[in-house]
Protein chains: 2
Amino acid sequence: MVDTVDRRIQYIQEPVQEQLDQVVERLRGLASQHHAPSQSELLESAAFGAGKKLRPALTLLAASFYPCDPENIVTMATSVELLHIASLIHDDTVDRSSMRRGRATVSSRWGGKVAVLLGDYVFATSATYVCDTGNVRVIRRFSETIMDLAKGELSEHFSTHDWNQTREDYELRTYNKTASLFCTSTESGAVLSGAPEEVCQALKSYGYQVGMAFQIMDDILDFQGTEEELGKPVGNDLLQGTLTLPVLLFAERHPDELVLRRLKEGGTDVADLQKAVEMIRNSAAISDALAVADEYRSRAFEMLGGLEDHRARRSLEELTEYVTQRRS
Amino acid sequence: MVDTVDRRIQYIQEPVQEQLDQVVERLRGLASQHHAPSQSELLESAAFGAGKKLRPALTLLAASFYPCDPENIVTMATSVELLHIASLIHDDTVDRSSMRRGRATVSSRWGGKVAVLLGDYVFATSATYVCDTGNVRVIRRFSETIMDLAKGELSEHFSTHDWNQTREDYELRTYNKTASLFCTSTESGAVLSGAPEEVCQALKSYGYQVGMAFQIMDDILDFQGTEEELGKPVGNDLLQGTLTLPVLLFAERHPDELVLRRLKEGGTDVADLQKAVEMIRNSAAISDALAVADEYRSRAFEMLGGLEDHRARRSLEELTEYVTQRRS
C-alpha cells in the first residue's frame, strides 16, 4: 500500500505509464487537428484537466496479462477516456456546473449549445476510434455503454425526490451511470488482448465491482467533509433531490423519522432537506454505506484471484484500495 | 412524375413499403421496451411525428438492386432514422425550438436536461443497431456521420454573422450537417446488399448530391412564402446570423450594397438584417441558388445512370425531383 494520492496513482499507472502517455498524446493530437481555433481550444479545454485517467489505465492494465497488439489497446484506452470526457461535457451542461478538473466547463465558457454539440462530437469520435480495433464485440459493448450512461442519468433525473425507490433501483442506476463504463474499460482490454473467455469475464466483473464501489464512495463523500473541501454544499445530492445509498439506508432504519415523513409525502422544503443531511451525516447510515462499498471491494479482489501474479495485478489491487479509501 | 406531395412520397416508398412499415414497428417496439412510462412516452413523442422517412427509404431503395438479407437492411434503415431523430432532438434543444413535426419538442415538454440525455440515448441506440449488421465498414461510417453532424452544427454556430465565409465553407458545412447522413443512408444500403464497389460509390455519391440539393432547397425555402406558411419569420436563418447560399450569392453580386457593408463591418442590427432579407428574396440570388440546387439534381440523376432499370431506380429519380421541387 502506498500513502499519498499522487504516489498511489503513480504506482497504479507505473506498468502502463508509457501507453498512458500515448493516450494523452493522441488526445492532444485530436485537439490540434481542428483548423478552427475555437474548436481545438474547446477540445483542449475539455480533455486536459487534471483527471486521474483511471478508466484508460483500467483498459491498459486489463490488457497486460496476455501478449497483444499495443497499438490496438492504446486506441481502445483513448476511446474509453474520450467517452468519459464526452459524458462529463454533457453532465456539466445539464447540471449547469461551472468548474471541472480545476477549469471552467465547456458550457460555462461557450454556452449550452456548444457544449451539447461538442459532447456529441466527442461521443462520436470515441465510437469511431473503437471501430479502429475492428472487433465488433467491443464496438457493440461501447455503444451499449453510451446507452447505459444516458439511461442512468435519465433515471436519476426521473427519480428525483422519489422516496419509493428501492436499493435495487439505486444499484441499477449506479451500474448505468458509472459501473458500466468501468466494466467496458476492463472487458475491452481483456478481449482485445486475446485473453480466454473466463479471464475476460473475471476482469469485466472486476470492473463492475470497482465501478460500483467508486460511485458509492462518491455518494458517501458527498456527506462528508466541509463545503470548502467538497467545493459544493455538504449533502448536495440530497439537496437536489437525488437519493443515494446513505439516504436509502437511513430511510430503511428510520421509517418513522418526522422530517423524512414530510419528505416522503412529497415535501421538498430546503430546511427539511438540510435537516435530513445533518441527520444522515451523523448516523450509522454512513458506516452502513461504507460496509456496502467494502463488499464490492472484496468481490473486486476475488475477481483478481485467478489472474497471473503479474505487476499489473498489483496495480489493479492498489486501484481497488485507492477507490474505496479516497477522500475526494 | 406524380403531383401531390402525399402521392409523390407514396410513389417513392412503394417498392419498399413493407420494409418501411417494419422500420416504424421497430421504432415503436423500442419505445414500448421502457418500463418507466416517462421514458417510453419520450421516445414515442420523439419518434412518431409526421416525418417523411426519406433517409430510411433511401437505405432500403439503395439496397434493392442486389439480393440481400432483408432483416439486415431493415435494421440499418431503422438506425438511420434513429440517428436522424437523435440529431433533431439535440438541434431542437440547442435552437430552443418548441414544435417539430406537428408536436411539442422533447426539450419544450421535458426541458433541456432530459432532451440532451434522451438525444444521447437515441444516438447510442442507433449505433448499437448498426452493430447488429456486423459490418465494420458500415459501423464506422455511421460513427463518422455523427461526428459530421456535430461538426456541421458547431461550424454553423461559430460562423454566425461571419461575412468572410466562402461558398466552400458553406458547402462543407452543408455536407456535414445534411448530406453526410444522406450519403450514409444510400452507401450503407448498397454495401449491405453486397453491391459491387462501383455501385456502392455511385449510390453514395447519389446520396451526396441529393443531400446537398435538399439542404440548399431548405435554405431557399427560408426566404420564400409567408411567415404563416413557414411557421417562422421569413429569412429566419439570416435573422439569426446564419449565412446560407442565397445570402452568399447575393453578397457576391452586390459587394457595395450599403446594408451589407454595415453587416460586414460587424453590424447585427435587426432592421438591417430584415432589409437584407427583403432584398435577397426579391433578387436574382434566389434563382441563382435554385440553379445550384439543379446542378446537384442533375448529378444525382447521372449517378443513377449505371444502375439496372429497376422500380427502385424510378423511386430514386422521383425522390430527386421531389427534393428539388418541394415547397416545404
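Notes on the relation of the copies chain A and chain B
Then step 1. Screw-axis analysis of chain A against chain B gives a translation of 0.0 Å along the axis, an RMSD of 0.0 Å, and a rotation angle of 180 degrees. The two molecules are tied by a two-fold rotation axis, judged by turn and shift.
Then step 2. Both copies contact each other with a shared surface, as 100% of the interface residues of chain A are interface residues in chain B too.

Topic: the interface of chain A and chain B
Then step 1. Listed per partner, the contact involves 35 residues of chain A and 35 residues of chain B.
Then step 2. For the side of chain A that touches chain B, the elements supplying multiple residues, two or more each, are α3 (37-47), α5 (70-94), α7 (112-131) and α8 (136-158) of chain A.
Then step 3. For the side of chain A that touches chain B, the residue count by class is 18 nonpolar, 11 polar and 6 charged.

Some remarks on unusual backbone geometry
All names here are of chain A.
Then step 1. Phi is positive for His 161, close to 55 degrees, though the residue is something other than glycine.
Then step 2. With respect to the helices and strands, the residue His 161 is situated in the loop between α8 and α9 (167-192).
Then step 3. By the C-beta count within 10 Å, which is 16 here, His 161 ends up partly exposed.

Description of the packing of helix α2 (residues 17-32) of chain B against helix α5 (residues 70-94) of chain B
Residue and element names in this part refer to chain B.
Then step 1. At a minimum axis distance of 9 Å, the contact between α2 and α5 shows a crossing angle of 60 degrees. Taken together, α2 and α5 sit at an angle that is classed as oblique. For the pair α2 and α5, the crossing hand works out as right-handed. Side by side, α2 and α5 meet where Gln 19, Gln 22, Val 23, Arg 26 and Leu 27 of the first sit next to Pro 70, Ile 73, Val 74, Ala 77, Thr 78 and Glu 81 of the second.
Then step 2. Partitioning the contact of α2 with α5 into residue classes produces 6 nonpolar, 3 polar and 2 charged.

Calculation criteria
Residues numbered from 1 in each chain as written. Chains lettered and ligands numbered in written order. Predicted model: local features only at pLDDT ≥ 70, side-chain atom pairs only at ≥ 80, totals over all residues. Least-squares fit on C-alpha atoms with pLDDT ≥ 70 in both. Contact = placed C-beta atoms within 7 Å. Helix = DSSP H or I, 4+ residues; strand = E, 2+ residues; numbered from the N terminus. Nonpolar A, V, L, I, M, F, W, Y, C, P; charged D, E, K, R; others polar. Buried ≥ 20, exposed ≤ 12 C-beta atoms within 10 Å, placed from the backbone. Axes fitted to C-alpha atoms, helices over the stretch in contact; angles between N-to-C directions. Parallel < 35°, antiparallel > 145°, perpendicular 65-115°, else oblique. Left-handed = near helix turned anticlockwise from the far one by under 90°.

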